[in-house]
Amino acid sequence: MPDLPCDGDGVCMVCSAAAPPEVDLLRCTTCATPWHSPCLSKPPALADAAQWSCPDCSGGPTHAPAPLAPGGSSDLVAAIRAIETDAALSDQEKARRRQELLGGAAPATEDEEDEGDDLLEILGKNFSCVFCMKLPDRPVTTPCGHNFCLKCFEKWIHNRKRTCAKCRAEIPKKMAEQPRINSALVGAIRMAKISKNANSAVSATAYHYLRNDDRPDKAFTTERAKRAGKANASSGQIFVTIPPDHFGPIPAKNDPKRNTGVLVGEKWEDRLECRQWGAHFPHVAGIAGQSKYGAQSVALSGGYVDDEDHGEWFLYTGSGGRDLSGNKRTNKDQSSDQKFEKLNAALRISCLKGYPVRVVRSHKEKRSSYAPEDGVRYDGVYRIEKCWRKIGVQGKFKVCRYLFVRCDNEPAPWTSDVCGDRPRPLPKIKELNDAIDLTERKGSPSWDFDEKEGWKWMKPPPISNKPILSGDPETDAQIRRVTKRAQLSVAERLLKEFGCSICRNVMKEPLTTPCAHNFCKTCLLGAYESQSSMRERSRGGRTLRAQKIVKKCPSCPTDICDFLQNPQINREMMDLIESLQKKAAEEGDIQTCSDGSNGAQESGDDGDNADLEKEEDDSSPNEEDNNDAGCLHADDDGPVVKIVVESKEEDLQLKKKGDDKEEKDEKKTMVSTDVVDIAVEEVKQGSGKAGNKEVKQRKKRKGNAADAEAEAAMDTAVGEDARPAVKRSRKSGGEGLCTL
DNA sequence: GGGCCCGCAGGG
DNA sequence: CCCTGCGGGCCC
């Protein structure tokens, strides 16, 4: 028998004793509900009765966690589970990754802990449920702008109270009957808690839960290719425990499978297998790197005729400047200048910093005597001593050029030496005479030679910005999502929770509608500005009864007309937002210097860079979209004002994640049929276009080739799409084929 | 050996 | 999201 309280009439819902004697009644200190103590499965000791919280409020078994908002901790749990089940990881490594996942960055620093505390404090100061005095669990917000736990609120309502416990304002029937959880608050509170509990409670629970989950071991055989062969395969398990932005050799400690590390001369069948051992991660691309951070590795596979291989040193060509239309991945012919951007910029950073760059050679490089006969081979680390541009051998366009010189403690696979490299004089490069944009390292290199210890990091290697890959695409995608969130400061993430879905900025004077959507006061009111709540109708000479106008919430079909009569600012939320903004502003400095963009700040090398940037001919793409992305607006239907009196049953309870898309589509169709109604006012001009885009995207998802083509035709005809036709052709070609 | 094709991974 | 990319299978 579950524990049940006394009902509204004071009748025990367990034993049905009407009006039990007062001594047998226990009042919950949290929700004030009376309980018949003899019927409790675990009645409190007499001494504790004064402090007693009922099973509903104290988190007993009936108090199962509510389904979380989309993108919530279920992602997190899945990601943690993946770590736990990864047999390739030592317990220590697992712990480290869990921590990374939960805390945001590798070893949790004091700062982070402080941040968590601060935020919880801020939250606690601004929010507390009047009933339980705690941070609201499943928070609901009254139209008068006060926040409570759902449970506490329901208890209150259940006791036939129809006024706000805080301000005594009347609570509308709808809110009383169907309170909505304010998911913006849920997110904010949860994040603050996670950031606080990263090292203790949360991870401990997760750890236990996952330890017991003995899913079959994926071992090291995972090959996720869906079709035979590797032409279009997924890469499979990653065996080494380095993040994809790890520089330098792969040491034994990151090779839990063999405990040898990746040794010079190791060979693999192909690029996918090479990737699994971390020597060079990209599946197709020749350069692994990030434009503001550096390049970790390159592949020599004969993709660029300008390459020139001399074993201990070689000349490498940058990427780009080629026409990849027609759904190609590569193309021998240059058709435009390469620039020091993207991966080419990454290589240049490695040059400036003197980072070690891993090099793999592929059998596909036919013109080099150092290339392996078959497969892909790891040849150790090199440094990029100089880079520049020149007109490529094809004669028309500029290419980026890089001088790589070997600097590895292990001998190269082709030498009979037993020792690795020693610093050697730079080779004389003829083409340097007509080099453009020459860039050389000015400061001392990060990776350098020490007479006693050989090649080593003289300056600490750059701190990784990425989680370690598992090779399982789903897991990695989840981890990426989680860490991406984690990369924002906690305060920023909290602020993100408080975005107004009309103006997309952090809310000013937030209003919480009875349907639990949040907007800036001015945005929401502005959206209905020209509408009065009643509409005088006259037909012929006589005046008809005034008809009530329905005003739809901008985020859902709920009529919020009554709420709009006298909307109350959610003061608590407003105060919180202000504290957070202050905190985020303080954090600002720290954020910017930890994001890895300290790339090319070596003394004095900036002059060069600036020059380069200026000189680059600007064939800037005519982007029709700004980065505030159509997708943000796409689900923005704007408030729809209509005059129909209809009772639409809303079932917008907390939806499970994954239902999101359907919900959106549902909403869309609903609106489009409703638009027949008399007055339709859209908040945003141009939302029609956004909608159009959304439709296009959906079609694309469905792979509707005919529609896509019609669309493309329309684009051309209307001239709306300013992209060059070649760029589209790769995409449309792909679509056409994949549907058949 | 060359051309075509396209799933996938990563950068921004 | 959209774009890029020194692959790999397959057909000619």
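Residues numbered from 1 in each chain as written. Chains lettered and ligands numbered in written order. Predicted model: local features only at pLDDT ≥ 70, side-chain atom pairs only at ≥ 80, totals over all residues. Heavy atoms only, no water.

Glancing now at the overall build of chain A. Check the secondary structure of chain A and you find 20 helices and 21 strands. Within the span of chain A, comprising 740 residues, buried residues form 45% of the whole. For chain A, restricting intrachain contacts to residue pairs at least 6 apart in sequence, the fraction spanning at least 24 positions comes to 64%. Of the roughly 37,600 Å² of accessible surface on chain A, 51% is carried by carbon and sulfur atoms. (Helix = DSSP H or I, 4+ residues; strand = E, 2+ residues; numbered from the N terminus. Buried < 20%, exposed > 50% of the residue type's maximum accessible area, 1.4 Å probe, protein only. Contact = heavy atoms within 4.5 Å. Areas by Shrake-Rupley, 256 points an atom, 1.4 Å probe, with all protein chains shown as cover.)

Moving on, we get to the UniProt feature "domain: RING-type" (unreviewed entry) in chain A. As recorded in UniProt, the sites labelled "domain: RING-type" (unreviewed entry) are residues 129–168 and 500–556. Split by type, residues 129–168 is 22% helix and 15% strand. Its first and last C-alpha atoms lie 15 Å apart. (UniProt positions renumbered as here; feature names shortened; annotations may be inferred.)

The next point concerns the pattern of salt bridges. The tally for this structure, following the rule as stated, stands at 24 salt bridges. A salt bridge links R367 to E365, with the shortest nitrogen-to-oxygen separation between them at 3.9 Å. E365 gets classed as buried once you look at its relative accessible area, which sits at 5%. Here the residues in one salt-bridge network are D306, K390, R401 and E431, joined through shared partners. (Salt bridge = Lys/Arg side-chain N within 4 Å of Asp/Glu carboxyl O.)

The next point concerns the nonpolar core. Across soluble globular proteins, you tend to see nonpolar side chains buried next to one another. Formed by 37 residues in total, the largest nonpolar core has its most connected members in F498, L524, I560 and L580. Going through the elements one at a time, α3 (110–126), α6 (183–197), α11 (490–497), β17 (518–520), α12 (521–527), α13 (561–565) and α14 (571–593) are the ones with two or more residues in this core. Considering each element in turn, this core owes the most residues, six residues, to α14. Counting 22 residues, the second largest nonpolar core, distinct from the first, contains V240, A279, V360 and F449. (Core = buried A, V, L, I, M, F, W, Y, C linked by side-chain atoms within 4.5 Å.)

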